[in-house]
Amino acid sequence: MDKTQEYEERRESSESSSEEEEEEETEPEKWRKHYSSKQRILLVGEGDFSFSLSLARAFGSAHNMVASSIDTQENISSKYSNGLRNVIELEERGCKVLYGVDAKEMSQHFFLKTQKFDRIIYNFPHVGFPFRENSYCQIQLNKGLVKGFLKNAKVMLKEGIGEIHVSHKEGDPYDKWELVNKAEKIGLIKHEVVPFCKLDYPGYHNKRAQGNNSDAAFPLGDCSTYKFRKLAQNGH
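The protein appears in an unreviewed UniProt entry as 25S rRNA (uridine-N(3))-methyltransferase BMT5-like domain-containing protein from Acer negundo.

### Observations regarding the layout of surface pockets
Volume-wise, the largest pocket comes out at about 820 Å³. Forming the boundary of the largest pocket are 42 residues, of which Tyr 122, Phe 124, Pro 125, His 126 and Ala 209 lie nearest the centre. Looking at the lining of the largest pocket, the elements with two or more residues in it are helix H3 (50-59), strand S6 (119-123), helix H6 (136-154) and strand S7 (163-169). When residues in the lining of the largest pocket are grouped by element, the largest group, 3 residues, is from H6. Tallied by class, the residues present in the lining of the largest pocket amount to 20 nonpolar, 12 polar and 10 charged.

### Brief notes about the packing of aromatic side chains
By the definition in use, this model includes 10 aromatic pairs. Summarising the aromatic geometry, the rings of Phe 124 and Phe 196 are spaced 5.2 Å apart at their centres and angled 90 degrees between planes, so their arrangement reads as edge-to-face. One end of the pair, Phe 124, is in the loop between S6 and H6; the other, Phe 196, is in the loop between strand S8 (188-195) and strand S9 (223-230), with 72 residues separating them in the sequence. Judged by its relative accessible area of 12%, Phe 124 falls in the buried class. An aromatic cluster is defined as three or more aromatic residues linked by ring pairs; in this entry it consists of Tyr 35, Phe 51, Phe 124, Phe 196, Tyr 201, Tyr 204 and Phe 218.

### Things to note about the pairing of strand S4 (residues 65-68)
Neither face of S4 is open: one carries Met 65 and Ala 67, the other Val 66 and Ser 68, and all of them are buried. In the sheet, strand S3 (residues 41-44) pairs with S4 via 3 bridges, with the strands oriented parallel. In the sheet register, Leu 42 faces S4, and the bridge partner there is Val 66. In the classification by handedness, the crossover that spans S3, the intervening H3 and the parallel S4 is right-handed.

### Observations regarding unusual backbone geometry
Following Asp 172, the chain continues into Pro 173 via a peptide bond in cis, with omega recorded as 5 degrees. By secondary structure assignment, the location of Pro 173 is in the loop between S7 and helix H7 (179-185). Here the phi dihedral of Lys 33 falls at roughly 55 degrees; this positive angle occurs in a residue that is not glycine. Position of Lys 33 relative to the elements: it lies in the loop between strand S1 (31-32) and strand S2 (35-36). Judged by relative accessible area, Lys 33 falls into the partly exposed class, the value being 44%.

### Overview of the nonpolar core
Counting 30 residues, the largest nonpolar core has Met 106, Leu 112, Ile 120, Phe 149 and Leu 150 as its most contacted members. The element that contributes the greatest number of residues to this core is H6, accounting for 6 residues. If near-sequence neighbours (up to four positions away) are discounted, Met 106 is found in contact with Leu 42, Val 44, Val 101, Leu 112, Ile 120, Phe 149, Asn 152, Ala 153 and Met 156.

Rules used in this analysis
What you see as residue numbers is a count from 1 along each chain, following the sequence as written. Since the coordinates come from a predicted model, pLDDT governs what is reported: local features require at least 70, and pairs of side-chain atoms require 80 or more to be given and counted, while whole-chain, interface and lining totals use all residues. The basis for the side-chain values is all heavy atoms of the structure; hydrogens and waters are excluded. Space inside and on the surface of the protein is sampled on a 1 Å grid over the protein atoms alone, with a cavity defined as a set of points where a 1.4 Å probe fits but cannot get out and a pocket as an open set with protein on both sides within 12 Å along at least 5 of 7 lines; lining residues have an atom within 4 Å of a point. Grid points are joined across faces, edges and corners, and a volume is the space filled by probe spheres set on the points. Each helix corresponds to a stretch of at least 4 residues labelled H or I by DSSP, and each strand to a stretch of at least 2 residues labelled E; elements are numbered beginning at the N terminus. Lys, Arg, Asp and Glu make up the charged group, whereas Ala, Val, Leu, Ile, Met, Phe, Trp, Tyr, Cys and Pro make up the nonpolar group; the residues left over, Gly among them, are polar. Stacked, edge-to-face and tilted labels apply to pairs of Phe, Tyr and Trp rings (six-membered ring for Trp) whose centres lie within 6.5 Å, assigned for plane angles under 30 degrees, over 60, and everything in between, in that order. Between buried and exposed lies partly exposed: a residue is buried under 20% and exposed over 50% of the maximum accessible area for its type, with that area taken using a 1.4 Å probe on protein chains only. The pairing criterion for strands is at least two bridges between them, as found by DSSP. When the strands point away from the viewer, a crossover counts as right-handed if the path from the first strand over the helix to the second runs clockwise. Nine residue types can take part in a nonpolar core, namely buried Ala, Val, Leu, Ile, Met, Phe, Trp, Tyr and Cys, and a core is a set of them joined through side-chain atoms within 4.5 Å. Whether two residues are in contact is decided by their heavy atoms: any pair within 4.5 Å suffices.

See below:
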């Protein structure tokens, strides 16, 4: 049996257990760092879905989560050694997994455009490497990705309580992406910046996602999670 057949069979099995969702309502709140089992969470730009799975395992369930990737199911299977296995477990835990979701257009996605979230998470947004990392063209492309994501995420936040979280590398050339400035220009305010520590998310594996080494990790170095909220109408 190939991996795709295994995926389909186990997916059908997981769908038959939807009645378990009602039981989740009575479960105590569980946390993994900034994230809670009581929050409605959207994860954007997932690689092998290991970050989503780390949260799901901490919560004991993933009925509160939607995890998305720009890749197709077939690409995930070919690019990542554990990608399909992680998706299977996520769906068995109740997560809705979406493929082919462009972060710059996600608010128009047929499912997502009807949803609101407490937390929208994008870890280490990056367009890939058509140019050198520190080149002007590469920086402009990454700035465009960040801007597009923030604009779309803003309209998908729950009013008053929603937050957008972007984990981002620090230093040159990443500071030139002007993450905070982009957010402020579209009506978001920086709520908090905290260090990102991979060890806080057991089982998470950051992936290059591009080229022949798509399944390999990239060096994180100094990085932070930037938390944004909608700017209140009175400006405070």
